[in-house]
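# Architecture at a glance
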Amino acid sequence: MVTDELPTWEQLREYLEHRFRSLEMIDTNVTRPNQPAKPVTKAKIFHTAIENKQKSNDVECAMCHENHYIYHCKRFGLMTPNERQEYVQSNRLCFNCLSPTHAALKCRQSSCRKCGRRHHTMLHFERVEKEARREAELTVPEWSEIGHLPLADPTYTKPGKIDVLLGAEVYAEILQDGLIKQSEGSLLAQNTIFGWILSGRAARGPEELAKANVMSMHVQVKEDDLLKKFWEMENEPNTIHKEMTKSEKRCEEIFDATTVRDDEGRLVVRLPFTTEDPKSQYGNSKEIAIKRLEILERKLKREPKLREEYNKVFEEYLSLNHMRKVNENELENPKAVYLPHHAVVREDKETTKVRIVFDASSKGTNNVSLNDDLLVGPKLQQDLRHILMRWRRHKVCIVADIVKMYRMVRVADEDTDFQRIVWRFSSDESQPIQHYKLLRLTFGTACAPYLAVKCLQRLAELEESKYPLAAKLTRQDFYMDDLITGAETEDEVMNIYNEMNELLRSGGFELQKWNSNSETVLQKIRKTEKTGQEQEKGSDSIKLNKSIKVLGVSWNRDADSFEYMLKLPEPTDSISKRRGDK
């Protein structure tokens, strides 16, 4: 509709904006990088009439679905820039021209008229600089007294860069006469050679106080719990009762119900399984053990000395009846569990330098190992610190350890098929692999530490009427296989020596490596060893080293004190004065 009336300012502004956007939508002459410019075409002339509403037959607003572009929509125009951005993003409109047909990366229209970035002008928003500046400025204090003073920093309420930092050593030198305190507040004005400086805390308004973060921290001490822990640490551990778990109680019940003594007095135990049908029986452990043996043999082929020691250990097992060869009629047992094994070499050991460890944690094809089926058992012995502290109170000290403690405990015949191994004494791989079963408590099984200590304590209970002193010391002065005890006199210590030997021999155990801080006690033990039945054992029964390891701590028996042992590397070059300075 054409009219002769002059348009209003609002109509003219709306027309110009619509005209600008229309030209943007049809602008195809923009030259892109790396693209030849298109030939100049004849300018197009558009005749537009001013109407109350601008209409287009092929445009639909994405917000109100009326016939206009979304940037002409009144509902869209009433939204804030942030709300417009969220709407455009959720409706997948072009951020640059607000069209629903393409993304901003493919848009060919011009960008924001205010900042030139790739977004529509209606999506542009500016930060309110005044509010940001107001947030950055501790507030101007109301203090009329300083209005006429020459301040060292007239713009002290505004953040700025630091010109120079002065240390406390020059602070007194810049001060001059003049000090003013704020009558209502905590500010302080002080005269310096640079002018008056302000210090203190300015009062903040209600808005700033509302924005302030408040952190409250407090510590609550429960005196009763602290005192309880203190007395438990100082008290004798025997008086502290610790509640056992269900699995620990079950392990104790199995031991009490199944442990017996054989004709020699040795204790025979059953393996404490978690279930009556252990899953480790169904993991094809024999094939895994054979593969592990083949890998081990390749290593031993490169180290013939280690193989020789390996054979010696297993030969000792056979000679002592700690393992036996599996009979032909026993070989095809589908439920037998085989344990892989490897050697641990300890060069610092004086007796057994090579120890064979059996891998009872090896998983079968069903991802279950023998250790997964075994109960671990409760802790039976006192803490190491209690044993060491009690030992230091004795005037005459004596120490020893049990020979092959684990292997002095028999495993019931019903459970030995859970401790099968494979081995080939010959390095000739054409020789067949032999199958064996371990008859004693095995190093590497989860229950072995518990069963060994429990057997030692059970032996003390059974023989307490004959050896009351040794039974008491067995319960409190053993840490695993190490005996660490003493008395006030040498005669009392010799009584301990004799009684402990008798008690342990009654259960198949043997003590070795006796040592003491008393030379008289050592001479008496040596005399007993030469004339008694210990003569066959050789020199291992007495250890005369001046410095020995006691529960992992170096003890000098002559000085009766603990020592720290340092092993420094040997110097590779000759030591000189110049090298020493380095």
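Residues numbered from 1 in each chain as written. Predicted model: local features only at pLDDT ≥ 70, side-chain atom pairs only at ≥ 80, totals over all residues. Heavy atoms only, no water.

### As for the overall build of the chain
- Helix and strand content of the chain: 16 helices and 18 strands.
- Expressed as a percentage of the 582 residues in the chain, the buried residues total 36%.
- Of the roughly 38800 Å² of accessible surface on the chain, 51% is carried by carbon and sulfur atoms. (Helix = DSSP H or I, 4+ residues; strand = E, 2+ residues; numbered from the N terminus. Buried < 20%, exposed > 50% of the residue type's maximum accessible area, 1.4 Å probe, protein only. Areas by Shrake-Rupley, 256 points an atom, 1.4 Å probe, with all protein chains shown as cover.)

### Thoughts on empty space enclosed by the protein
- Counted as a void, the largest cavity has a volume near 90 Å³.
- Contributing to the lining of the largest cavity are 15 residues, with Ser285, Val337, Tyr338, Ser362 and Gly364 lying nearest its centre.
- In the lining of the largest cavity, the residues fall into eight nonpolar, five polar and two charged.
- Put simply, the second largest cavity is a space of about 40 Å³.
- In terms of lining, the second largest cavity is formed by Ala289, Arg292, Leu293, Leu296, Leu339, Pro340, His341 and Val422.
- The element that contributes the greatest number of residues to the lining of the second largest cavity is helix H9 (residues 285–302), accounting for four residues.
- Along the lines of polarity and charge, the residues of the lining of the second largest cavity split into six nonpolar, one polar and one charged. (1 Å grid on protein atoms, 1.4 Å probe; cavity = no way out; pocket = protein on both sides within 12 Å on 5 of 7 lines; lining within 4 Å. Points joined across faces, edges and corners; volume = space filled by probe spheres on them. Nonpolar A, V, L, I, M, F, W, Y, C, P; charged D, E, K, R; others polar.)

### A look at helix H14 (residues 490–506)
- Here H14 contains 17 residues, and its C-alpha end-to-end distance of 25 Å stays within 8% of the 24 Å for a straight helix at 1.5 Å per residue.
- Along H14, the positions that sit buried rather than exposed are Val493, Met494, Ile496, Tyr497, Glu499, Met500, Asn501, Leu503, Leu504 and Ser506. (Expected span 1.5 Å × (residues − 1).)

### Notes on the nonpolar core
- In terms of nonpolar packing, the biggest core is built from 71 residues, with Phe314, Leu441, Met500, Leu504, Phe509 and Leu511 touching the most fellow members.
- Per-element accounting of this core gives the leading share, eight residues, to helix H12 (residues 448–462).
- Apart from the residues lying within four places of it in its own chain, the contact partners of Leu441 are Val269, Tyr406, Arg407, Val409, Val411, Ala448, Leu451 and Ala452.
- One finds Cys73, Phe76, Leu93 and Leu123 within the second-largest nonpolar core, a separate group that totals 13 residues. (Core = buried A, V, L, I, M, F, W, Y, C linked by side-chain atoms within 4.5 Å. Contact = heavy atoms within 4.5 Å.)

### Comments concerning the packing of aromatic side chains
- Per the stated rule, a full pass over the model turns up 14 aromatic pairs.
- Aromatic side chains Tyr310 and Trp423 sit 4.8 Å apart centroid to centroid with 15° between the ring planes, which places their arrangement in the stacked category. Taken together, the residues span a long stretch of sequence, with Tyr310 in helix H10 (residues 304–319) and Trp423 in strand E11 (residues 420–423) at a distance of 113 residues.
- On the accessibility criterion, Trp423 (0% relative accessible area) is buried.
- A network of ring pairs unites the aromatic residues Tyr310, Phe314, Tyr317, Phe358, Trp423, Phe425 and Tyr436 as a single cluster.
- The aromatic ring of Phe76 is capped on one face by Arg84, whose charged end is 5.9 Å from the ring centroid.
- Its end group placed over the ring of Phe443, Arg355 keeps NZ or CZ at 5.0 Å from the ring centre. (Phe/Tyr/Trp six-rings, centres within 6.5 Å; stacked < 30°, edge-to-face > 60°. Lys NZ or Arg CZ within 6 Å of the ring centre and 35° of its normal.)

### Points about the pairing of strand E2 (residues 188–192)
- Counted residue by residue, E2 has four buried out of five residues, so it is predominantly covered.
- Bridge analysis of strand E1 (residues 175–181) against E2 gives four bridges, and the strand direction is antiparallel. Of the residues in E2, the one forming a bridge with Leu179 is Gln190.
- Hairpin connection between E1 and E2: a loop of six residues separates the two successive antiparallel strands, and Gly185 in this loop has a positive phi of roughly 150°.
- Of the pairings in the sheet, the one linking E2 to strand E3 (residues 195–199) comprises five bridges and is antiparallel in character. Note on E3: the bridge partner recorded for Leu188 is Ser199. (Pairing = 2+ DSSP bridges.)

### Some remarks on a nonpolar patch on the surface
- A surface patch of nonpolar side chains, amounting to about 410 Å² of accessible area, comprises Val164, Leu166, Ile193 and Phe194.
- Within the element layout of this structure, Leu166 appears in the loop between helix H4 (129–136) and helix H5 (168–174).
- For Leu166, a relative accessible area of 46% puts it in the partly exposed group. (Patch = residues over 30% accessible without salt bridge, like charges linked within 9 Å, V, L, I, M, F, W, Y side chains within 5 Å. Salt bridge = Lys/Arg side-chain N within 4 Å of Asp/Glu carboxyl O.)

### With respect to the packing of H12 against H14
- Taken N-terminus to C-terminus, the directions of H12 and H14 make an angle of 110°; their axes are 10 Å apart at the nearest point. As the angle between them shows, H12 and H14 are arranged roughly perpendicular. Contacts between H12 and H14 pair Leu456, Leu459 and Ala460 from the former with Leu503, Leu504 and Ser506 from the latter.
- Grouping the constituent residues of the contact of H12 with H14 by class yields five nonpolar, one polar and no charged. (Axes fitted to C-alpha atoms, helices over the stretch in contact; angles between N-to-C directions. Parallel < 35°, antiparallel > 145°, perpendicular 65-115°, else oblique.)

### Overview of the sheet that holds strand E9 (residues 396–402)
- Strands sit in the order E13-E14-E9-E15 across an open sheet of four strands; the sheet is antiparallel. The sheet is open, and its two borders are formed by strand E13 (478–479) and strand E15 (511–516), each paired with just one other strand.
- Pairing analysis gives six bridges linking E9 to strand E14 (residues 482–487), with the strands arranged antiparallel. Residue pairing for E14: Val396 is matched across the bridge by Ala487.
- Lying on the sheet, helix H11 (residues 384–391) is in contact with E9, E13 and E14; it crosses E14 at an angle near 30°.

### Notes on the sheet that holds E1
- The three strands lie next to each other as E1-E2-E3, forming an open sheet whose pairing is antiparallel. With partners counted over all chains shown, the strands left at the sheet margins are E1 and E3, one partner each. Between one strand axis and the next, the sheet turns through 25° on average, direction left out of account.

### What about the side chain of His120?
- Summarising the element assignment, His120 is placed in the loop between helix H3 (81–90) and H4.
- For His120, the residues in contact, after removing those within four places along its chain, are Arg21, Tyr71, Phe95, Asn96, Cys97, Leu98 and Cys112.

### Here's the deal with the confidence of the model for the chain
- The share of residues in the chain with pLDDT of 70 or more is 79%, and the mean pLDDT across the chain is 81.
- Ranking the elements of the chain by mean pLDDT puts H4 last with 48 and strand E5 (residues 267–269) first with 97.
- Confidence drops under a pLDDT of 50 for residues 27–56, and excluding neighbours within four residues, the segment shows 20 contacts in the predicted structure.
- Overall, residues 128–132 carries pLDDT values under 50, and its contacts beyond four positions in sequence, including any with other chains, amount to zero contacts. (pLDDT = per-residue confidence, 0-100.)

### Considerations on H9
- For H9, spanning 18 residues, the distance from its first C-alpha to its last is 26 Å, which sits close to the expected 26 Å at 1.5 Å a residue.
- For H9, every residue scored as buried is listed here: Ser285, Ala289, Leu293, Leu296, Glu297 and Leu300. All buried residues of H9 fall inside an arc of 115° around its axis, so they share one side. Looking at H9, the residues exposed on the side facing more than 90 degrees away from the buried face are Lys291, Lys301 and Arg302. (Arc of directions from axis to C-beta.)

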